[in-house]
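# Residue-level structural notes
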Amino acid sequence: MYDELKDDALVDKVGGRFKLSTLIQKRLVALMKGAPPLVDLDTKDRMKIVLREIMEDKIYLDLHDRVRTVADLPEPDDLGLTGGSLPPA
């Protein structure tokens, strides 16, 4: 068993056991289909890669239970939030 799964920190980070298992399963499938790992680990163990990605906040589930990466997040400039002012209404 993986030590990361013995502690509830990962469960709490993701928002529950069901969400954690869903995130792990979907990310494992993506890695098996050729998606590049988002962390630099010296291992071929995909489960270890996924657990590290979760711990480092590299992946998450969106509101529709789709796996997203931090690269999917918009930049502050794209939201019009730079320069200390709010975007026009």
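Residues numbered from 1 in each chain as written. Predicted model: local features only at pLDDT ≥ 70, side-chain atom pairs only at ≥ 80, totals over all residues. Heavy atoms only, no water.

### What to know about the overall build of the protein chain
Put simply, the test is: Secondary structure counts use DSSP, requiring at least four H or I residues in a row for a helix and at least two E residues in a row for a strand, with both numbered from the N terminus. Buried residues are those whose accessible area, probed at 1.4 Å on protein chains only, stays under 20% of the maximum for their type, while exposed residues exceed 50% and partly exposed ones sit between those limits. Residue contacts follow a heavy-atom distance rule, with two residues in contact if any of their heavy atoms lie within 4.5 Å. Reported accessibility uses the Shrake-Rupley method at a 1.4 Å probe radius. Residues are deemed covered only where the shown protein chains occlude them.
A count of helical and extended segments in the protein chain gives four helices and two strands. Going from N to C terminus, the protein chain has its helices and strands arranged as α-α-α-β-β-α. Burial analysis of the protein chain (89 residues in total) assigns 24% to the buried set. By sequence separation, contacts in the protein chain at least 24 residues apart represent 36% of the contacts at least 6 residues apart. For the protein chain, the accessible surface area stands at approximately 6,400 Å², while carbon and sulfur atoms represent 53% of it.

### With respect to the side chain of R27
Within the fold, R27 resides in helix 2 (residues 17–32). Sequence-distant contacts of R27, that is, excluding residues within four places in its chain, are made with A35, P36, P37, L38, V50, E53, I59 and V67.

### Let's talk about the packing of helix 2 against helix 3 (residues 46–55)
Our working rule: For helices, the fitted line uses only the C-alpha atoms of the stretch in contact; every axis is such a line through C-alpha atoms, and the angle between N-to-C directions lies from 0 to 180 degrees. When describing relative orientation, an angle under 35 degrees is termed roughly parallel and one over 145 degrees roughly antiparallel, while 65 to 115 degrees is termed roughly perpendicular and anything else oblique. Put simply, a crossing is left-handed when the front helix is turned counterclockwise from the back one by less than a right angle, and right-handed when it is turned clockwise. Only Asp, Glu, Lys and Arg are considered charged, only Ala, Val, Leu, Ile, Met, Phe, Trp, Tyr, Cys and Pro nonpolar, and every remaining residue, Gly among them, polar.
Following both chains from N to C, one finds helix 2 and helix 3 inclined at 125°, their axes separated by 10 Å at the closest point. In terms of orientation, helix 2 lies oblique with respect to helix 3. In the packing of helix 2 onto helix 3, the handedness of the crossing is right-handed. The segment helix 2 lies against helix 3, with L20, L23, I24, R27, L28, L31 and M32 engaging R46, M47, I49, V50, L51, E53 and I54. Taken together, the residues of the contact of helix 2 with helix 3 sort by class into eleven nonpolar, no polar and three charged.

### Re the environment of R52
Residue position: R52 is located in helix 3. On the accessibility criterion, R52 (30% relative accessible area) is partly exposed. Between the C-alpha atom of R52 and that of D40, which follows or precedes it by twelve residues, the distance is 9.3 Å. The contacts of R52, once residues within four sequence positions are left out, are V39 and L41.

### A few points about the nonpolar core
Cut-off, in case you're wondering: Among buried residues, those of type Ala, Val, Leu, Ile, Met, Phe, Trp, Tyr and Cys that are joined through side-chain atoms within 4.5 Å constitute a nonpolar core.
The biggest cluster of nonpolar side chains holds 15 residues, and the ones touching the most others in it are L20, L23, I24, V50 and I54. For this core, the secondary-structure elements that each account for two or more residues are helix 1 (9–14), helix 2, helix 3 and strand 1 (59–61). If sequence neighbours within four positions are ignored, L20 has contacts with L5, L10, V11, V14 and I54.

### Considering unusual backbone geometry
Of note in the backbone geometry, D57 takes a positive phi value of approximately 55° without being a glycine. Within the element layout of this structure, D57 appears in the loop between helix 3 and strand 1. What makes D57 partly exposed here is its relative accessible area of 44%.

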